[in-house]
Amino acid sequence: MMDKNSFIIALREKLKGLPTEDIERSVEYYKEMIDDQIEEGIPEEEAVSSLGNIDDIVQKILADTPITKIVKDKLKPKKDISPWVIALLVLGSPVWVPIIFSIFITVFSVYISVWAVLISLFATAFSLIVVGIVGIIISAGFFFQAAISSGGALLGIALALIGSSILITVLCKITVKLLITLTQKSFLGLKKLIIGKAE
Amino acid sequence: MDIQLKRGLLDVCVLAAIKDEESYGYKIIKDIKPYLEISESTLYPILRRLETSSLLTVRSAEHNGRLRKYYRITHLGLARLEDFKNEWKEVMSIYQFVNREEKNDG
């Protein structure tokens, strides 16, 4: 059970690293929510706990702050940087700029290739189904001509292809969902890393 | 309710809560609650998003010795509500179709 002041202090602390205007705006909002409830007669501690888990609140605020804004704010020099540091950074840029860039490009291309693989797997599954259906039709033809063993063999293969196709499709769908969740979590993690709260 | 559906509806609900007159955070939640579950932490990003898309404006005013934020709908916000109403006219007629009574034979 927290009182209003402890909640606000904790909130400010957990939001540290975000742009100042975002921190202040969020704090004002939640202060207002608590005060309005108190005004209606709700006891202070109850008003605070009605807001829910503070980490969930921080998570939502973080998720809603565009990553570009966080990076921009981080890059703004808050204190004066010594001209030596600036000179070093500029002179060294032919080294660290390509490095950072290639790290980023590598991660990005790996990510894109994972999606490419998934797409080709879906395509494979689709062609397997088509082949399987054609196989069933042809095996029916064999059965009509009383070529039972050939028909049976072909039918078995066709069904196996269709079965594999269904399996591949199901696995791909699961992987897509996992990948999307992983991507969202990574963005959240990246934001946290930038504002200095690596877990 | 389907999460994606709810998310889209929440935006519209918030706009509807302020369509006739400006309102403040806590009151918006109370007005929406009978229709859709919404928490304070859910409302905050919605208000932010609506503001950055210029569907509403914010101003601070004094209330009982403290500052309170009042949200007012814009023309764009009203237009969004109109779009919503038109979209859902279609949905409603489809609902009538799905829900129609079985015809008795003979």
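Owing to the predicted nature of the structure, the values given are computational and were not obtained by experimental measurement.

The rules behind the values
Residues numbered from 1 in each chain as written. Chains lettered and ligands numbered in written order. Predicted model: local features only at pLDDT ≥ 70, side-chain atom pairs only at ≥ 80, totals over all residues. Heavy atoms only, no water. Core = buried A, V, L, I, M, F, W, Y, C linked by side-chain atoms within 4.5 Å. Buried < 20%, exposed > 50% of the residue type's maximum accessible area, 1.4 Å probe, protein only. Helix = DSSP H or I, 4+ residues; strand = E, 2+ residues; numbered from the N terminus. Pairing = 2+ DSSP bridges. Expected span 1.5 Å × (residues − 1). Contact = heavy atoms within 4.5 Å. Buried area = accessible area lost by both parts, 1.4 Å probe. Salt bridge = Lys/Arg side-chain N within 4 Å of Asp/Glu carboxyl O. Polar contact = N/O pair within 3.5 Å; in protein donor to acceptor, adjacent residues only side chain to side chain. Nonpolar A, V, L, I, M, F, W, Y, C, P; charged D, E, K, R; others polar.

Participant: Any chance you could break down the nonpolar core for me, citing the residues and the numbers?
Facilitator: Residues Phe-7, Leu-11 and Tyr-30 of chain A together with Leu-43 of chain B are the most contacted members of the largest nonpolar core, which totals 48 residues. The element contributing the most residues to this core is helix H2 (residues 20-39) of chain A, with 6 residues.

Participant: Residues and numbers for the pairing of strand S2 (residues 56-63) of chain B, please.
Facilitator: Residue and element names in this part refer to chain B. Two elements, S2 and strand S3 (residues 66-73), share 8 bridges in a ladder whose sense is antiparallel. In the sheet register, Thr-57 faces S3, and the bridge partner there is Arg-72. The antiparallel pairing of S2 with S3 creates a hairpin that spans 2 residues between the two strands, and Asn-64 there sits at a positive phi of about 50°.

Participant: With reference to specific residues and values, describe the sheet that holds S2 of chain B.
Facilitator: The sheet built from 3 strands is open, its strands ordered S1-S3-S2 (chain B) with antiparallel pairing. Each edge of the open sheet carries a strand with a single partner, namely strand S1 (23-24) and S2 of chain B.

Participant: Lay out H2 of chain A with the relevant residues and their values.
Facilitator: For H2 of chain A, spanning 20 residues, the distance from its first C-alpha to its last is 28 Å, which sits close to the expected 28 Å at 1.5 Å a residue. Count one or two residues on from H2 of chain A and you reach Gly-41 of chain A, which has phi positive near 105°.

Participant: Explain the interface of chain B and chain A to me, and be specific about the residues and the numbers.
Facilitator: Listed by partner, the interface residues are 20 residues for chain B and 20 residues for chain A. Around 1,800 Å² of area is buried between chain B and chain A when both sides are counted, 47% of it from carbon and sulfur atoms. On the chain B side of the contact with chain A, Tyr-26, Glu-40 and Tyr-44 of chain B bury the most area, a combined 40% of that side's loss. Inspection of the region where chain B meets chain A yields 6 salt bridges. Lys-69 of chain B is the salt-bridge partner of Glu-28 of chain A, the closest N and O atoms lying 2.7 Å from each other. At the boundary of chain B and chain A, one finds 13 residue pairs in polar contact (both at pLDDT 80 or more). Of all the secondary-structure elements, those providing two or more residues to the side of chain B that touches chain A are helix H2 (25-32), helix H3 (40-52) and S3 of chain B. The biggest single contributor to the side of chain B that touches chain A is H3 of chain B, with 8 residues. Within the side of chain B that touches chain A, the residues separate by chemical class into 9 nonpolar, 5 polar and 6 charged.

Participant: Talk me through unusual backbone geometry; I want residue IDs and the actual numbers.
Facilitator: Residue and element names in this part refer to chain B. For Ser-54, which is not glycine, the phi dihedral falls at a positive 60°. You can see Ser-54 is positioned in the loop between H3 and S2. The exposure class assigned to Ser-54 is partly exposed, which follows from its relative accessible area of 38%. Residue Asn-64 is not a glycine yet carries a positive backbone phi of 50°. By the secondary structure assignment, Asn-64 is in the loop between S2 and S3.

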